[in-house]
Amino acid sequence: MACSGMQIPLCLQFGWKTFRGKKVARYKPTLWTVGNYHWYLKQSLPFSTCGKSKLVSLMWDPVTPSQLHVLCQGWHYLCYDWHWTTDRSSGENSSDMANVAVIDGNRVLVTVFQQSVVPPPMCTYQLLLPHPVNQVMFSAHPQKSNDLAILDASNQISIYECGDSPSVDSTVKLGAVGGNGFKVSLRTPHLEKRYKVQFENGEDQEGNPLKLSLLTWIQEDIFLAVSHSQSGAQSVIHHLTVAPSETDDEHGQLSISSSVAVDGIIISLCCNSKTKSVALQLAGGQILKYFWESPSLAVEPWKNPSGFPVQFPYPCTQTELATIGGEECVLGLSDRCRFFINDTEVASNITSFAVYGEFLLLTTHSHTCQCFCLRDASFNALHAGLSSSHLSKGESLRKVERGSRIVTVVPQDTKLILQMPRGNLEVVHHRALVLSQIRKWLDKLMFKEAFECMRKLRINLNLIHDHNPKVFLENVETFIRQIDSVNHINLFFTELKEEDVTKTMYPPPVASTVQLSKDPAVQGKKVDVVCDALRAAMESINPHKYCLSILTSHVKKTTPELEIVLQKVHELQASAPPVPDAVSAEEALKYLLLLVDVNDLYDHSLGTYDFDLVLMVAEKSQKDPKEYLPFLNTLKKMETNYQRFTIDKYLKRYEKAIGHLSKCGSEYFPECLNLIKDKNLYKEALKFYPSDSQQYKDISIAYGQHLTQERLYEPAGLVFARCGAHEKALDAFLASGSWQQALCMAAQLNLTKDQLAGLGRTLAGKLVEQRKHSDAATVLEQYAQDYEEAVLLLLEGAAWEEALRLVYKYNRPDIIETNIKPSILEAQKNYMALLDSQTATFIRHKNRLLVVRELKERAQQVNLGDEVPQGQESDVFSETSSVMSGSDMSSRYPRSSSRVAARSSKNRRKAERKKHSLKEGSPLEDLALLEALSEIVQSTEKLKDEVYHILKVLFLFEFDEQGRGLQKAFEDTLQLMERSLPEIWTLTHQQNSATPVLGPDSTANSIMASYQQQKTSVPVLDAELFIPPKINKKTQWKLSLLE
């Protein structure tokens, strides 16, 4: 677990070894490394001093790190490549102890990170071996992941199993967790058996001390190992199985049951404990899949989802198997920090990685640790997340110390173990692992574990509810019983808020498609629902024990129920002798004062009208008795309803105060009416009095007068009419112009005929002012008996057909010749003049708009050229200067900010009206022209109904020529506008005005000028001017009789 860039010292030892009954001299090169000021013996290579295995020369490669060249007698050449790896257990359930093993000579230092985190060279326990250790591997079986096998320099494999041992194992020695007087709760492994590997040719093993490499414990009695051919670039995969033995001693033999030759040098081997897949990596980067369970023991190229063979672009020193998007992929990390998924390089700054369950964890050169969920992630999403230069600040990323590398992850926990370059360890709780584990605990209803983890790691406790509200509310009793702490329940209450933290603080993984059930009925009132549910559960379990939590549930609600809380405290004071676990009234009140301001608590206690409770709260506050005692004594002397009125008025609860005062009798009504007028509580006060009482009428009259002062005449008239004040109602309806209601009131007042006629003429005048000629004519005809004046009003309002009805009703055909026909002809002339004016104005504005747009485009080109106008074109430039942008005007003519700030509201309104000025040369003349043209089109569209009615009466009285002329003029005007709409409201002009000028001929000044013009030419509020008005062609206005 040291840095891979560290130089490995090489020592050469000489000794004797008995081989086949003879003493043979041996050279034993040893490889050492240092970490945390401790030297570790990592590898031992025993060579003989005779035969072809006699060591002649050895040296480190000057270019390739950790590559050793060995030359033996008889030109026997060996080349060793070492790389760093972490030997850790790979289980994912709670039985896995997160073991990590470190080789140190004839010792294996094992640290159990699930129970203790001790820095190397200390460890949890040591395994003592008779020979130096060369390889350590843990079992790939998920249920036996704590068992480990050790291969030593003598090619013996020692099997250590975790479990009950019949006797004390002398080869196991406790490390940092031991000592005198300490009770060890750790289950240490025991030596189960030692196996000697049987080779087919013993001399081959003598020629290569490390004949077996990449040893993997794939099943309980099956090992995989790799050896390399001496004749060429070929590797052999061996199946090592336990040879049958007649004796049951601690020594056994492993025989090579089968072997498979592979073309190429195998440099890594990895196994997936879930799928039992085995992946091999060759020196050229090719990935092979080894079917070790198949009878034929086939080796095939590993293929990606597209069906192509996988090959790493660079050899990788660490490989793992993981399932991404339903496909099993090979992950690799090279010694140059290049990270590959299958044959795709997804990152080039990865220093270490680990696959834990559904997560992929990586450390980077930018001193961060990233965590990606592989459960529902696609390969493309993972590729994008790793290759993105922009790192999100979500739960998938956290900062770590410089040079940190992943050691292991504690299963079913939140601990991630990192090692620093100097060798010490650091435990971090990655937010993604923490939230994943919390969600698993909540799904299993393990509220206590989730709560403790969230409290320790400062995760918002709202997640307990928001993760799955329906399940939480159904299991609140389980939550209370598991937490079983008043303080912790109160802590949960205090963190409650309406925010859904699963949508803001802790959103689930992006790829997650699981939608947890959430009750739509509780949205917007989560705090109240949770408080009520928990309070009901606590009251059913033990109301005395959880008394303080019950009080907190009342206080924490959206509208704090302080009156109920105070009443419960008062009941505690008056209750019988306390039961076990009960809380006294004094303790409860002191606790309440921590949650609620004492003044608010005093006011709410006063609002309960219970003076004993008020005194109890006041005694705990800092109030001076001289302040509240005289006030309380005065209140006690009052009549009950007036006393409560005084209290409510003091607490500014005026509606309740009026309710109590209304019960005190008629002698208190003037005081009540004054309070109603002062606080504008008319509608609330009317509820406390019967509708037939004098008090109800007085309040209604006061209410109507208040509405009249506010110029709300029609509501005032309705209030007066409801209480029977018909005269006041008549005045209010007259002021509002509600002639039907006014005449109703007149009928109830029994006015004389003359009075009614005068009232009708008054109403008609007001209606004419409001341009309601038809209503005014109805009033004059029916109530003033003046049909002639009614006809004149109808003619004034262009109600031709209604005027004809009255003429024929009263048999006055003479009025047709004297009034109706002249009015119709005059109206026709007015319409013709209006259409001529509208058409001329429309054409003039349209032509001017085209000119302004052309001038602005030419001015823009001049500004982009950044040249001063010279020569014959100066006239053009002087004209375009009048339509320059507002920003240019403001830059040339600075204004005083004090004068602008001092501008009155009247001047501001005036300036707003003049913002779009039609004056030639104004900065926004084009917008003003668009606005004027749009208004002309809309006003002309509204004339269709009026033109249709006058065309009918023109035809009726045989004014065919005038009718045809009006119909033709109106049709020509509409056609002109329809043809001009695409020319005026052009999409091209809008795009050009919003698109900066870019291109090979642009300069920095031209681009900035373009952006500045874009910024100032079209304000956001004027964007609606670029929407063309609509002309409804379906509206029927033409009279076919005139065609």
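Residues numbered from 1 in each chain as written. Predicted model: local features only at pLDDT ≥ 70, side-chain atom pairs only at ≥ 80, totals over all residues. Heavy atoms only, no water.

### Quick notes on the overall build of the protein
Along its length, the protein carries 37 helices and 35 strands. Counting all 1043 residues of the protein, 46% fall into the buried class. Once local pairs closer than 6 in sequence are excluded, the contacts in the protein between residues at least 24 apart make up 55%. Roughly 54,400 Å² of accessible area belongs to the protein as shown, and the carbon and sulfur atoms make up 50% of that amount. (Helix = DSSP H or I, 4+ residues; strand = E, 2+ residues; numbered from the N terminus. Buried < 20%, exposed > 50% of the residue type's maximum accessible area, 1.4 Å probe, protein only. Contact = heavy atoms within 4.5 Å. Areas by Shrake-Rupley, 256 points an atom, 1.4 Å probe, with all protein chains shown as cover.)

### As for the environment of V614
Position of V614 among the secondary structure elements: in helix α14 (residues 611-620). Discounting residues that sit within four places of it in the chain, V614 has contacts with Y602, S605, L606 and L632.

### Thoughts on helix α21 (residues 713-723)
Here α21 has its buried residues at A716, G717, V719, F720 and C723. Along the axis of α21, the buried residues cluster in a sector spanning 160°; they form a single face. Contact partners of the buried residues in α21: α20 (694-709) and α22 (726-736). Directly beyond the C-terminal end of α21, a positive phi value near 90° is found at G724. (Arc of directions from axis to C-beta.)

### Considerations on the packing of helix α15 (residues 625-636) against helix α16 (residues 640-650)
Two elements in contact, α15 and α16, have axes separated by 9 Å at closest approach and are oriented at 145°. Here F631, L635 and K636 of α15 come into contact with α16, specifically with Q643, T646, I647 and Y650. In terms of residue class, the contact of α15 with α16 is made up of four nonpolar, two polar and one charged. (Axes fitted to C-alpha atoms, helices over the stretch in contact; angles between N-to-C directions. Nonpolar A, V, L, I, M, F, W, Y, C, P; charged D, E, K, R; others polar.)

### Remarks on the nonpolar core
Among soluble globular proteins, nonpolar side chains are generally buried collectively. Residues I699, L763, I820, I824, I950, L951 and L966 are the most contacted members of the largest nonpolar core, which totals 80 residues. The leading source of residues in this core is helix α28 (residues 814-865), at seven residues. If sequence neighbours within four positions are ignored, I699 has contacts with F669, L673, I676, Y682, A685, L686 and Y689. V530, C547, A588 and L589 belong to the second-largest nonpolar core, a separate cluster that totals 66 residues. (Core = buried A, V, L, I, M, F, W, Y, C linked by side-chain atoms within 4.5 Å.)

### Regarding the pattern of salt bridges
The full count for this structure, using the stated rule, is 30 salt bridges. Note that R481 and E477 form a salt bridge whose closest N and O atoms lie 3.9 Å from each other. Here the residue R481 and the residue E477 both occupy positions in helix α7 (residues 476-483), the gap between them amounting to four residues, near one helical turn. The exposed category is assigned to R481, whose relative accessible area is 52%. When its relative accessible area of 36% is taken as the criterion, E477 is described as partly exposed. For E817, the salt bridge is made with K821, and the minimal N-O distance between the two is 2.9 Å. Here K821 and E817 lie together in helix α28, a separation of four residues that amounts to about one turn. (Salt bridge = Lys/Arg side-chain N within 4 Å of Asp/Glu carboxyl O.)

### Structural notes on the sheet that holds strand β8 (residues 87-88)
Strands sit in the order β8-β9-β10-β11-β15 across an open sheet of five strands; the sheet is antiparallel. On the outer flanks of this sheet lie β8 and β15 (172-174), each paired with one strand and no other. Sheet topology places strand β9 (residues 99-104) next to strand β10 (residues 107-112); six bridges connect them, and they run antiparallel. Considered in β10, the bridge of V100 is made with T111. (Pairing = 2+ DSSP bridges.)

### Topic: the side chain of T319
Its location among the elements puts T319 in strand β25 (residues 318-324). In this structure the side chain of T319 is engaged in a polar contact, spanning 3.5 Å, whose partner is the side chain of S268. Leave out the neighbours within four places in its chain, and T319 touches S268, C270, Q281, F312, L331, G332 and F353. (Polar contact = N/O pair within 3.5 Å; in protein donor to acceptor, adjacent residues only side chain to side chain.)

### Brief notes about the sheet that holds strand β13 (residues 148-152)
Taken in spatial order, the eight strands line up as β12-β13-β14-β16-β20-β19-β18-β17 in an open sheet, and their pairing is mixed. Either end of the sheet is taken by a strand with one partner, and the two such strands are β12 (133-138) and β17 (213-219). Neighbour to neighbour, the strand axes of the sheet diverge by 30° on average, direction disregarded. Where β12 lies against β13, five bridges are found, and the strand directions are antiparallel. Bridge assignment links Q135 to a residue of β13, and that residue is L151.

### Quick notes on the pairing of strand β21 (residues 266-271)
Across a regular strand the side chains alternate sides, sitting on one face of the sheet and then on the other. Examined bridge by bridge, β21 and strand β22 (residues 278-282) share five bridges and lie antiparallel to one another. Bridge pairing in β22 places L269 opposite L280. Hairpin remark: β21 followed by β22, antiparallel, with six residues in the connecting loop; positive phi at K276, about 65°.

### Describing unusual backbone geometry
Put simply, P120 and P121 share a cis peptide bond, and its omega is 10°. Its location among the elements puts P121 in the loop between β10 and β11 (125-128). The phi angle at N680 is positive, at roughly 55°, despite the residue not being glycine. You can see N680 is positioned in the loop between α18 (669-679) and α19 (682-686). With a relative accessible area of 44%, N680 lands in the partly exposed category. With a phi close to 55°, N811 is a non-glycine residue in the positive phi region. Along the chain, the position of N811 falls in the loop between α27 (800-809) and α28.

### Observations regarding the side chain of D528
Looking at where D528 falls in the secondary structure, it is placed in helix α9 (residues 526-541). For the buried D528, no salt bridge exists, and the shortest N-O distance to an oppositely charged side chain is 5.0 Å, to K557. Polar contacts involving the side chain of D528 include one to the main-chain amide nitrogen of T558, which spans 2.8 Å. Apart from residues lying up to four places away in sequence, D528 is in contact with K557 and T558. (Lys, Arg positive; Asp, Glu negative; His and termini not counted.)

### Re helix α11 (residues 562-574)
Here α11 is 13 residues long and its end C-alpha atoms lie 18 Å apart, about the 18 Å a rise of 1.5 Å per residue gives. Among all positions in α11, only L562, V565, L566, V569 and H570 are buried. Take α11 and look down its axis: the buried residues cluster within an arc of 140°, on one side only. Along its buried surface, α11 packs onto α10 (547-555), α12 (585-595), α13 (598-607) and α14. (Expected span 1.5 Å × (residues − 1).)

### Here we look at the packing of aromatic side chains
Per the counting criterion, the structure on display carries 19 aromatic pairs. Ring geometry for F479 and F492: centres 5.1 Å apart, planes at 55°, overall tilted. With a gap of 13 residues between them, F479 in helix α7 and F492 in helix α8 (residues 486-495) connect regions that are remote in the sequence. Comparing F479 with F492 shows no difference in burial state: the two are buried. A network of ring pairs unites the aromatic residues F447, F472, F479, F492 and F493 as a single cluster. (Phe/Tyr/Trp six-rings, centres within 6.5 Å; stacked < 30°, edge-to-face > 60°.)

### Some details on the packing of α8 against α10
Where α8 meets α10, the closest approach of the two axes is 9 Å, and the angle between their N-to-C directions is 5°. Taken together, the axis directions place α8 and α10 in an arrangement best described as roughly parallel. Facing V486, I489, N490 and F493 of α8, the residues of α10 in contact are L548, S549, T552 and S553. Taken together, the residues of the contact of α8 with α10 break down into four nonpolar, four polar and no charged. (Parallel < 35°, antiparallel > 145°, perpendicular 65-115°, else oblique.)

### Topic: the environment of P244
Relative to the elements of secondary structure, P244 occurs in the loop between β19 (234-242) and β20 (251-263). On a C-alpha basis, the gap between P244 and L254 in space is 9.0 Å, while along the polypeptide they are ten residues apart.

### What about the pairing of strand β29 (residues 350-356)?
With respect to burial, β29 is a largely interior element, six of its seven residues being buried. Here β29 runs beside strand β30 (residues 359-364); their pairing, made up of six bridges, is antiparallel. The partner of V355 across the bridge, within β30, is L360. Hairpin geometry of β29 and β30 is characterised by an intervening segment of two residues between the two adjacent antiparallel strands and by a positive phi of about 60° at G357.

### As for the confidence of the model for the protein
Looking at the protein as a whole, its pLDDT mean stands at 82, while 84% of the residues score no less than 70. Note on residues 14-24: pLDDT under 50 across the span, and 20 contacts to partners over four residues away in sequence or across chains. The low-confidence segment residues 867-903, where pLDDT is below 50, has 23 contacts with residues more than four positions distant or belonging to other chains. (pLDDT = per-residue confidence, 0-100.)

### Focus on the environment of S44
On the secondary structure map, S44 appears in strand β3 (residues 38-44). Look at S44 and you get buried, because its relative accessible area is 0%. A sequence separation of 16 residues divides S44 from K28, and the C-alpha atoms of the two residues are 6.4 Å apart. The contact partners of S44, leaving out residues within four places of it in the chain, are K28, P29, T30, P132, N134, A153 and L210.

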